[in-house]
Amino acid sequence: MLRSTVSALFLFVASTAQAADVPPAMTDYINNVLKGWVNDPAIVTAINEQNNVTGGLSSDDILAKDLEWRAQVGAATAPLIDNVLNADLSSMLKSQMEGSGGRILEVFVMDGQGLNVASSGVTSDYWQGDEAKFTETFGKGPGSVFVDEVELDESTQAYQGQVSFAITDPATGDVVGAITVGLNASAFF
């Protein structure tokens with residue numbers, strides 16, 4: 001019963017990107033909390049720094065890094081994953097999650113290729129560039145927001161709806177990356 005109610009709620013939310021059509025509790029949270037920090041200068045800086053490193057990667061390079069990440073999930077040695085989880089920005093993301101009162105289950109930042117820059121925890125893959133969380137934000141331009149339907153998330157093992165935002169560099173006006181915030185579906189009833 002909970003899953004069908006949650007799914008119906010998020011299907012409604014996912015069908016529209018306008019905050020006015022989103023249920024009030026979620027609209028308030030997105031507008032009054034998430035939008036207050038998702039374009040933090042530390043996020044923009046970290047993305048720009050990684051874009052300088054990953055901007056020239058080929059499709060084959062990106063797929064190889066994604067395979068490397070997937071092989072490291074659950075492994076004793078995980079240098080690629082550790083690099084993301086130990087990034088300075090990951091501490092900020094973890095703090096946002098911990099201070100959310102259980103509303104945020106995960107949060108991660110992606111660069112201009114859709115590769116993880118920082119994360120509150122281990123994601124199931126490293127490259128998000130082929131997923132709606134990236135294509136419907138980064139690919140749509142400044143101010144883009146995408147709300148996905150509720151699903152059982154592989155990495156958090158909880159029902160969550162992901163809200164993703166394009167990240168814009170205020171110095172250039174260009175979209176430089178994206179951020180995804182996994183919201184605990186049951187926290188918005």
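Residues numbered from 1 in each chain as written. Predicted model: local features only at pLDDT ≥ 70, side-chain atom pairs only at ≥ 80, totals over all residues. Heavy atoms only, no water.

Thoughts on the nonpolar core
L34, W37, I43, I104, I179 and L183 are the most contacted members of the largest nonpolar core, which totals 30 residues. Those elements that provide at least two residues to this core are α2 (24-37), α3 (41-54), α6 (88-98), β1 (104-110), β2 (116-119), β3 (145-147), β5 (159-168) and β6 (175-184). Leave out the neighbours within four places in its chain, and I43 touches W37, V38, L89, M92, V109, I167 and I179. (Core = buried A, V, L, I, M, F, W, Y, C linked by side-chain atoms within 4.5 Å. Buried < 20%, exposed > 50% of the residue type's maximum accessible area, 1.4 Å probe, protein only. Helix = DSSP H or I, 4+ residues; strand = E, 2+ residues; numbered from the N terminus. Contact = heavy atoms within 4.5 Å.)

A few points about α3
End to end, α3 covers 20 Å across 14 residues, agreeing with the expected 20 Å (1.5 Å per residue, within 8%). Those residues of α3 lying buried are I43, V44, A46, I47, Q50, N51 and T54. Seen along its axis, α3 keeps its buried residues to an arc of 165°; they face one direction. Across α3 from its buried face, at more than 90 degrees, point the exposed residues P41, E49, N52 and V53. Structurally, α3 contributes buried residues whose contacts are with α2, α6, β1, β2, β5 and β6. (Expected span 1.5 Å × (residues − 1). Arc of directions from axis to C-beta.)

Focus on the side chain of T180
Position of T180 relative to the elements: it lies in strand β6. Taking the relative accessible area as the measure of exposure, T180 reaches 0% and is therefore buried. Among residues more than four places away in sequence, those in contact with T180 are E106, V107, F108, M110, K133, Q162, V163 and S164.

Considering the confidence of the model for the chain
Summary statistics for the chain give a mean pLDDT of 87 and a share of 88% for residues scoring 70 or more. A low-confidence stretch, residues 1-21 stays under pLDDT 50, and its non-local contacts, those more than four residues away or across chains, total 30 contacts. (pLDDT = per-residue confidence, 0-100.)

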